[in-house]
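Observations on chain architecture
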Amino acid sequence: MRNLKKLMGILLGISFCFGCANTTIGQNDVQIEETFVQVLADALPEGVTIGTYDPKIEEGGCLLLPYIYENEAESTPKQWKSSGIVARYRTKDRVIWQGNEIIDVSAEDNHTTYEKIGFLPNLAHPAYLLKADHDLQSASQSESYEKSGKVEHMDTTSTYWYVVFAEPDAEFGYIVALSADAYTKEEMITFASNLHFSIA
């Protein structure tokens, strides 16, 4: 409850990197973050907290902290170095349905390899599980770091479980992610099974 009050206080100040969207914060963004706080407050793994709302993460999202991957490359998305993320996203042309089941998700990012694991039954919403490996630096950056001796002290890749939540005909869905180096597939599914969003 103490953490929830702290997170609610953040609101007064206000992947899965599928892409970036808005760059300004409005009333709708506050409502999105309120959703994140309410849905995740009692479901987060021990030691994990919700970071400050960022409208540039998809259609608005938050990092799950602390950061667990170390890399100095400025071009590396910060969501590829955190404990995970929660974000809202547009479902059009990205979620493929067969009846009420998600049978595929369009997932494309530079420097990323996706493994599509499949539909997750018995969750609050139709959901699809993926695993992704992200390159935290380019080949030229790796060469530069190796010459400087920094490479031994930095992570070169990060790996995440991603669960995509959606509903048929809904414009928006939600993505949650946890580091696959810190959490097992079973722990990710358990985490996702405790989440209930309002999807429309």
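Computed from a predicted model, the values in this text were never measured in an experiment. (Residues numbered from 1 in each chain as written. Predicted model: local features only at pLDDT ≥ 70, side-chain atom pairs only at ≥ 80, totals over all residues. Heavy atoms only, no water.)

Okay, the packing of aromatic side chains next. Following the criterion strictly, the structure yields 6 aromatic pairs and no others. A ring pair is formed by Tyr-160 and Tyr-162, whose centres lie 6.0 Å apart and whose planes are at 40 degrees; its orientation type is tilted. We classify Tyr-160 as buried; its relative accessible area is 0%. Owing to a relative accessible area of 0%, Tyr-162 belongs among the buried residues under this scheme. Note that Arg-88 overlies the ring of Phe-172, its terminal NZ or CZ placed 3.7 Å from the centroid. (Phe/Tyr/Trp six-rings, centres within 6.5 Å; stacked < 30°, edge-to-face > 60°. Buried < 20%, exposed > 50% of the residue type's maximum accessible area, 1.4 Å probe, protein only. Lys NZ or Arg CZ within 6 Å of the ring centre and 35° of its normal.)

Look at the link from Leu-65 to Pro-66: it is a cis peptide, with omega at 15 degrees. Among the structural elements, Pro-66 can be located in strand 2 (residues 61-67). The phi dihedral of Glu-58 is positive, around 55 degrees, even though this residue is not glycine. Assignment of secondary structure puts Glu-58 in the loop between strand 1 (49-54) and strand 2. A relative accessible area of 4% places Glu-58 in the buried class. (Helix = DSSP H or I, 4+ residues; strand = E, 2+ residues; numbered from the N terminus.)

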